[in-house]
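# Geometric and topological summary
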Amino acid sequence: MTTIHSKEHFLAEIQESFEQIFKIIDSVPTRKRKLTVEIESRDRNFRDVLMHLYEWHAMLERWYKEGMSGDTPSMPAPGYQWRTLQKLNYQIWINYQDVTLTQAMKRVKLSHQRIVKLIEMHTYDEIMTKKMYKWTKTSNLYSYFAANTVDHYNWAIQKCTAIEKKIIESDVEG
């Protein structure tokens, strides 16, 4: 996680990373974007990656809403703990297998916009000051916002690049 020097810089970094994901997807011919590739991981197509991001946006929105209303959010999700993330991420994968790539793209773009709006509502100090909000405990809003945007987007860029590479390789071999 990098340190930000301004809210504007943070928002620009988030947007740049988010757009990079779609540049990778757009670089693949439309008819091949829905392909599932053989890689050793859970997320083997663009839809899987986008829905993973979408669900983590939704969790962040829930944490934020519950935390800001004075409740203690169940993190990462009800019935899961941080040490059971692998099970949670697998359940997320299962939950969205019937979603199309087009639907996934729309959903993640909308959830991204909602997260950006949450960030925009806060000052730099509100984002960066540790222990400012009871629900963030010893941390700050930045750690939650960054983990579920730019850091996660960088993960998605790597995943989408690997998927893109496998699709291109299959074109060369085929």
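To keep things clear, this report deals only with the structure shown in the data block. As the structure is a prediction and not an experimental result, all values here were calculated from the model.

## Focus: unusual backbone geometry
In this model, M75 is joined to P76 through a cis peptide bond whose omega is 0°. Mapped onto the secondary structure, P76 falls in the loop between helix 2 (46-68) and helix 3 (85-95). A positive phi is found at K137, a non-glycine position, where the angle reads about 55°. Mapped onto the elements of the fold, K137 is located in the loop between helix 5 (124-128) and helix 6 (141-147).

## Comments concerning the environment of T129
With respect to the element layout, T129 can be found in the loop between helix 5 and helix 6. Considered as a pair, T129 and E16 are 113 residues apart in the sequence and their alpha carbons are 24 Å apart. If we skip the residues at most four places from it in the chain, T129 touches S139 and N140. A polar contact is formed between the side chain of T129 and the backbone oxygen of D125, at a distance of 2.6 Å.

## Remarks on the packing of helix 1 (residues 7-26) against helix 2
The description of two helices packed together rests on the angle between their axes and the distance between the axes. At their nearest, the axes of helix 1 and helix 2 sit 12 Å apart, and the two run at 165° to each other. Taken together, the axis directions place helix 1 and helix 2 in an arrangement best described as roughly antiparallel. As helix 1 runs across helix 2, the sense of the crossing is left-handed. Contact residues: helix 1 offers I21, F22 and I25, while helix 2 offers F46, L50 and L53. Grouping the constituent residues of the contact of helix 1 with helix 2 by class yields six nonpolar, no polar and no charged.

## Considering the packing of aromatic side chains
Applying the stated criterion to the full structure yields 12 aromatic pairs. With centroids separated by 6.1 Å and ring planes inclined at 80°, the aromatic side chains of W56 and W63 adopt a geometry described as edge-to-face. The class for W56 is buried, based on a relative accessible area of 6%. Relative accessible area serves as the criterion here: at 1%, W63 is assigned to the buried category. Taking the ring centre of Y54 as reference, the NZ or CZ of R107 above it sits at 5.9 Å.

The rules we used
- Residues numbered from 1 in each chain as written.
- Predicted model: local features only at pLDDT ≥ 70, side-chain atom pairs only at ≥ 80, totals over all residues.
- Heavy atoms only, no water.
- Helix = DSSP H or I, 4+ residues; strand = E, 2+ residues; numbered from the N terminus.
- Contact = heavy atoms within 4.5 Å.
- Polar contact = N/O pair within 3.5 Å; in protein donor to acceptor, adjacent residues only side chain to side chain.
- Axes fitted to C-alpha atoms, helices over the stretch in contact; angles between N-to-C directions.
- Parallel < 35°, antiparallel > 145°, perpendicular 65-115°, else oblique.
- Left-handed = near helix turned anticlockwise from the far one by under 90°.
- Nonpolar A, V, L, I, M, F, W, Y, C, P; charged D, E, K, R; others polar.
- Phe/Tyr/Trp six-rings, centres within 6.5 Å; stacked < 30°, edge-to-face > 60°.
- Buried < 20%, exposed > 50% of the residue type's maximum accessible area, 1.4 Å probe, protein only.
- Lys NZ or Arg CZ within 6 Å of the ring centre and 35° of its normal.

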